[in-house]
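# Structure assessment
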Amino acid sequence: MAFDLDMIKKVYDRYSTRVAAARKATGKHLTLTEKILYAHLSEGDAHTAFGRGVDYVDFAPDRVAMQDATAQMALLQFMQAGRPQVAVPSTVHCDHLIQAKIGADQDLSTAKDVNKEVYDFLASVSDKYGLGFWKPGAGIIHQVVLENYAFPGGMMIGTDSHTPNAGGLGMIAIGVGGADACDVMAGLPWELKFPKLIGVKLTGKLSGWSSAKDVILKVAGILTVKGGTGAIVEYFGEGARSLSATGKGTICNMGAEIGATTSIFGYDEKAAAYLSGTKRADIAELANAVAEHLTGDPEVYASPEQYFDQVIEINLTELEPHVNGPFTPDLAWPISKFATAVKENGWPVKLEVGLIGSCTNSSYEDITRSASIAKQAIDKHLTTKAEFTITPGSELVRYTVERDGYLGTFESMGGVVLANACGPCIGQWARHTDDPTRKNSIITSFNRNFAKRQDGNPNTHAFVASPEIVTAFAIAGDLTFNPLTDTLTNDKGEQVKLDEPLGIEMPLKGYAVEDAGYQAPAEDGSAVEVKVDPKSARLQLLDPFSAWEGTDITGLKLLIKAKGKCTTDHISMAGPWLKFRGHLDNISNNMLIGAINYFNNTADSVKNELTGEYGPVPATQRDYKAHGIGSIVVGDENYGEGSSREHAAMEPRHLGVRAILVKSFARIHETNLKKQGMLGITFADSDDYDKIQEDDNIDITGLTTFAPGKQLTVVLHHKDGSTDSFPVNHTYNAQQIEWFKAGGALNIIRKQMAS
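Keep in mind it's a predicted model, so treat the numbers as computed, not measured. (Residues numbered from 1 in each chain as written. Predicted model: local features only at pLDDT ≥ 70, side-chain atom pairs only at ≥ 80, totals over all residues. Heavy atoms only, no water.)

## Brief notes about the sheet that holds strand 6 (residues 172-175)
Test applied: Whether two strands pair comes down to DSSP finding at least two bridges between them. Secondary structure is summarised from DSSP: a helix means a run of H or I of at least four residues, a strand means a run of E of at least two, and numbering begins at the N terminus for each. Here a residue-residue contact requires only that any non-hydrogen atoms of the pair lie within 4.5 Å. Here the axes come from fitting lines to C-alpha atoms, over the contacting stretch only for helices, and the angles between their N-to-C directions go from 0 to 180 degrees.
Strands sit in the order 6-5-2-3-4-21 across an open sheet of six strands; the sheet is mixed. The strands lining the two open edges of the sheet, one partner per strand, are strand 6 and strand 21 (518-519). Relative to strand 4 (residues 132-134), strand 3 (residues 90-93) runs parallel, the two being bridged by three bridges. Residue pairing in the sheet places T91 in a bridge with G132 of strand 4. Packing of helix 3 (residues 68-78) onto the sheet brings it into contact with strand 2 (63-67) and strand 3, and relative to strand 2 it is tilted by some 115 degrees.

Next up, the structure:
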């Protein structure tokens, strides 16, 4: 659990030489992002990446963090790598498998019983290979990392798309798939396409109902869900310095929803205060000594247009609270326009549930601001009209806010406190409803609101806002209510108005906790045995994927032509499927069941070309695999956006899908496909998507001369005997082509470790 001061010193020692070398090589001033990236270049790439315009670059991250749902597959892969211990500090956090149903104590007890096999596996494999293990109930991975491991100027990868939360403390923290984590834990360089830079200048200062959450809700509306793809977002300016460290974490966390590689703020007095408040004053002292390297050069921020590929400016003084949604996190509405939008679009006005917390908004500051609204409901005799739940982010926060009386306030106004876990945010929620298909509205302080994500109901209109706005809406039970201007009728028939929320950045009496939930690994794990029952339905040891056969791929069947948004939730749903995250074959039964078939506008219904009948996607693909026939998946724009879950790449690979052809990929998913030896290609002309017919037989040629920057060709053999042929693009570099040829990156790692 203890942070490694010696490791941090070594990181900071690199800054003076690396930053000086970069300035000399580039002849220019540097952004914070560039300083951190250059300081973490692997030795082999240190001389090539100074200056922009390079392609893929190798880095040496300082830390790996994994949540339990993705850690299962990551560690199953690591077990095949042949190392006795992880090469960098790594942790596992049990936060995804706890279902929110009744309340914190009972839900946690149930989870420990239902998931015992998985928790025992994760604890034992952590013990054996030297990983820190955070038990169920300890908290959500990103909050725990911010409280214990994040440090200014560091670099971390995590097997969750919201890993960038650590950017609130000035850390480059990037969401990846388990195969990437396996590489780093095995001591290999980690590869990343050198990002573009987006600068967000914040001026002014927040006040009233506006919060840090509204900054990222506004940015999401500007950049959309793919506007940050391939870029790191760097926040700066007087407004940035005025935000709390946890508020900055909120902004960086939800930066995943704009497709950004990561987001980051510079080191300042707010970060130093948070480090000290979480018993890491030693780190603050080290950071103070190299503070000039933990922020961008003053000349950069004075003329940002010269140093960033795109610059956005937001005046916090003028920023309204926002509500984003439904069905996508980038549909942004200022609160003054939201009621009109609800009426004009015919969204359900009645609010059924308000939910606060999650990894995005569960800090002490968030809880206290929301509790100030809840206290008003009690004092002003208002009855809460909607169901209301509270999810603390960690045991440290939960214990502290309970000590300070805030959980009691929520319970007095009708709220239900859930376990310190992801819960409803990822569909781990047994929603109380008399009709699970009814058209309805909910509002959360979470980060993601895709259709069916929270409760499996495609008719649930989920909206995203700050915790205090969510609390106010839950009290009103009406989406046309504007807490800034409107009044409510209390139990006495009086018209009352909610006052502005008041919060405290950090507890005046300090944080406190009895048992944070941490288990240190064994000093010598060589004698620890990791057992996986071959009959288990939840855990399955992995077999290596087969290598490429050395020829073009021909005779592929079209498995599905996905229409419109196809996120990783569509490709590999969470919710009840989380229990199979350690069993590749069983979880593959959810493959693409949420994707909409272009030819019949229906989910999980595709034509089996062997029988001519329509059926579920996984069953159809299993039939093709049984007959030795490969297939191809075709998709639309930003295919694979959302979660980092590599199961969305591993399931098609396991079931025999040979290629994914789309208009464009989300970054993490494209990398996950490459890591698993899958062919991920994009239309050179997006209009060629329209040429693909349901009964096509499809060839992919040019693979025998597969090379970086060289197009491949797709040939469509139509049922009427005609053909279409068109070029397709790819982003594979030389190393990634070797992954494809070997059948996956893990196959190469295993050979390297054995030699």
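Resuming the write-up.
## Concerning the side chain of T389
What counts, and what does not: Exposed residues in this analysis have more than 50% of their type's maximum accessible area, buried residues have under 20%, and partly exposed residues fall in between, with area computed by a 1.4 Å probe over protein chains only.
Among the structural elements, T389 can be located in strand 15 (residues 387-391). By relative accessible area, which is 4% here, T389 ends up buried. Dropping the residues within four chain positions of it, T389 is found in contact with G354, L355, I356, V416 and L418.

## Notes on the pattern of salt bridges
Spelled out, the test is: Salt-bridge detection follows one rule: a side-chain nitrogen of Lys or Arg within 4 Å of a carboxyl oxygen of Asp or Glu.
Inspection of the entire model under this criterion finds 31 salt bridges. Close ionic contact of D268 with K248 constitutes a salt bridge, the shortest N to O distance being 2.4 Å. Of this pair, D268 sits in the loop between strand 10 (262-265) and helix 11 (269-277) while K248 sits in helix 10 (residues 245-254); the two residues are 20 residues apart in sequence, bridging distant segments of the chain. Since its relative accessible area comes to 9%, D268 is described here as buried. One salt-bridge network, in which partners are shared between bridges, spans E352, R431, D434, R438 and D455.

## Some remarks on the packing of helix 3 against helix 7 (residues 178-185)
For any two helices packed against each other, one specifies the crossing angle of their axes together with the interaxial distance. Stated formally: Angle categories: roughly parallel below 35 degrees, roughly antiparallel above 145, roughly perpendicular from 65 to 115, and oblique for all the rest. Here a crossing is taken to be left-handed if its near helix is turned anticlockwise relative to the far helix by less than a right angle, and right-handed if that turn runs clockwise. Polarity classes work like this: nonpolar for Ala, Val, Leu, Ile, Met, Phe, Trp, Tyr, Cys and Pro, charged for Asp, Glu, Lys and Arg, and polar for all others, with Gly in that last group.
At a minimum axis distance of 8 Å, the contact between helix 3 and helix 7 shows a crossing angle of 45 degrees. Put simply, helix 3 runs oblique to helix 7. Handedness of the crossing formed by helix 3 with helix 7: right-handed. Only G178, A179, C182 and M185 of helix 7 make contact with helix 3, whose side of the interface consists of A74, L75, Q77 and F78. Of the residues that constitute the contact of helix 3 with helix 7, the class distribution is six nonpolar, two polar and no charged.

## Re the side chain of S572
Heads up, the rule is: Think of a polar contact as two N or O atoms within 3.5 Å of one another; within protein, one of them needs to be a possible hydrogen donor and the other a possible acceptor, and neighboring residues in sequence only count if both atoms come from side chains.
Note that S572 resides in the loop between helix 19 (568-571) and helix 20 (584-587). Among the polar contacts made by the side chain of S572, one reaches the side chain of E651 at a distance of 2.7 Å. Not counting residues up to four positions away in its chain, the partners in contact with S572 are I587, N590, R645, H647, A648 and E651.

## Let's talk about the nonpolar core
Condition: Residues belong to a common nonpolar core when they are buried Ala, Val, Leu, Ile, Met, Phe, Trp, Tyr or Cys residues joined through side-chain atoms within 4.5 Å.
Counting residues in each nonpolar core, the largest one holds 152 residues, and the members touching the most others are M66, L75 and F473. Excluding residues that lie within four positions of it along the chain, M66 makes contacts with A71, A74, L75, T91, V92, H93, L131, I141, T159, A181 and M185. V200, L223, L243 and I312 belong to the second-largest nonpolar core, a separate cluster that totals 27 residues.

## Concerning helix 22 (residues 647-655)
Most of helix 22 is tucked away, with nine of its nine residues classed as buried. Check the buried side of helix 22 and you find it contacts helix 3, helix 19, helix 20, helix 21 (617-626), strand 28 (657-662) and helix 23 (667-675). Just beyond helix 22, the residue with positive phi is G656, at close to 100 degrees.

## Considering the packing of helix 1 (residues 5-26) against helix 12 (residues 281-289)
Axis separation between helix 1 and helix 12 bottoms out at 11 Å; the angle between their running directions is 15 degrees. Relative to helix 12, the element helix 1 is oriented roughly parallel. Where helix 1 crosses over helix 12, the two elements pack in a sense that is right-handed. Across from L5, I8, K9 and Y12 in helix 1, the residues of helix 12 making contact are D282, I283, L286 and A287. Tallied by class, the residues present in the contact of helix 1 with helix 12 amount to six nonpolar, no polar and two charged.

## Re the sheet that holds strand 28
If you trace the seven strands once around the closed barrel, you get 22-27-28-29-32-31-30, paired in mixed fashion. On average, each strand axis in the sheet is tilted by 40 degrees relative to the strand beside it, whichever way the strands run. Alignment of strand 28 against strand 29 (residues 679-683), held across four bridges, turns out to be parallel. Looking at the pairing, V662 lines up with T682 of strand 29.

## Description of the pairing of strand 9 (residues 231-236)
Our working definition: Here is how to tell: hold the view so the strands point away, follow the path from the first strand over the helix to the second, and if it runs clockwise the crossover is right-handed.
Counting buried positions along strand 9 gives six out of six residues, so the element sits mostly inside the fold. Burial along strand 9 is two-sided: the face carrying A231, V233 and Y235 and the face carrying I232, E234 and F236 are both buried. Bridge count for strand 8 (residues 196-203) against strand 9 is six bridges, and the pairing is parallel. When the sheet's bridge partners are listed, K196 is paired in strand 9 with A231. At this point the chain moves from strand 8, through helix 8 (residues 212-223), to the parallel strand 9, and the crossover so formed is right-handed.

## A closer look at the environment of H461
The residue H461 is located in strand 18 (residues 460-464) in this model. For H461, the residues in contact, after removing those within four places along its chain, are P326, F327, W347, P348, K439, N440, S441 and I442. One polar contact links the side chain of H461 to the main-chain carbonyl oxygen of N459, over a distance of 3.0 Å.

## Here's the deal with the packing of aromatic side chains
Worth spelling out the cut-off: Here a Phe, Tyr or Trp ring, Trp counted by its six-membered ring, pairs with any other such ring whose centre lies within 6.5 Å, and the pair is stacked when the planes are under 30 degrees apart, edge-to-face when over 60, and tilted otherwise.
The full count for this structure, using the stated rule, is 25 aromatic pairs. Here F78 and Y129 contribute two aromatic rings whose centre-to-centre distance is 5.2 Å and whose plane-to-plane angle is 90 degrees, an arrangement assigned as edge-to-face. One end of the pair, F78, is in helix 3; the other, Y129, is in helix 5 (residues 116-129), with 51 residues separating them in the sequence. You'll find F78 and Y129 in the same group, each marked buried. Ring centres 4.7 Å apart and planes at 10 degrees place the aromatic pair Y235 and F265 in the stacked group.

## Section: unusual backbone geometry
Residue P326 is reached from G325 by a cis peptide bond, and omega for that bond is 5 degrees. On the secondary structure map, P326 appears in the loop between strand 12 (322-324) and strand 13 (332-334). Positive phi, normally seen in glycine, also occurs at T224, with a value near 65 degrees. The residue T224 is located in the loop between helix 8 and strand 9 in this model. Using a relative accessible area of 32% as the deciding quantity, one classes T224 as partly exposed. Here the phi dihedral of N638 falls at roughly 55 degrees; this positive angle occurs in a residue that is not glycine. Along the polypeptide, N638 turns up in the loop between strand 27 (631-635) and helix 22.

## Overview of the environment of T246
Counting through the fold element by element, T246 comes out in helix 10. Taking the C-alpha atoms as reference points, T246 and S363, separated by 117 residues in sequence, lie 6.4 Å from one another. If near-sequence neighbours (up to four positions away) are discounted, T246 is found in contact with L146, Y274, S363 and E365.

## Side note on the pairing of strand 27
By the criterion of burial, strand 27 is predominantly enclosed, with five of the five residues buried. Across the two faces of strand 27 the burial is the same, with S631, V633 and G635 and I632 and V634 all buried. Sheet analysis places strand 22 (residues 553-561) next to strand 27, joined by four bridges and oriented parallel. Paired with K557 across the strands is S631, a residue of strand 27. Sheet topology places strand 27 next to strand 28; five bridges connect them, and they run parallel. By the bridge assignment for strand 28, G635 is matched with V662.

Take it as geometry only, folks, not as evidence of what the structure does.
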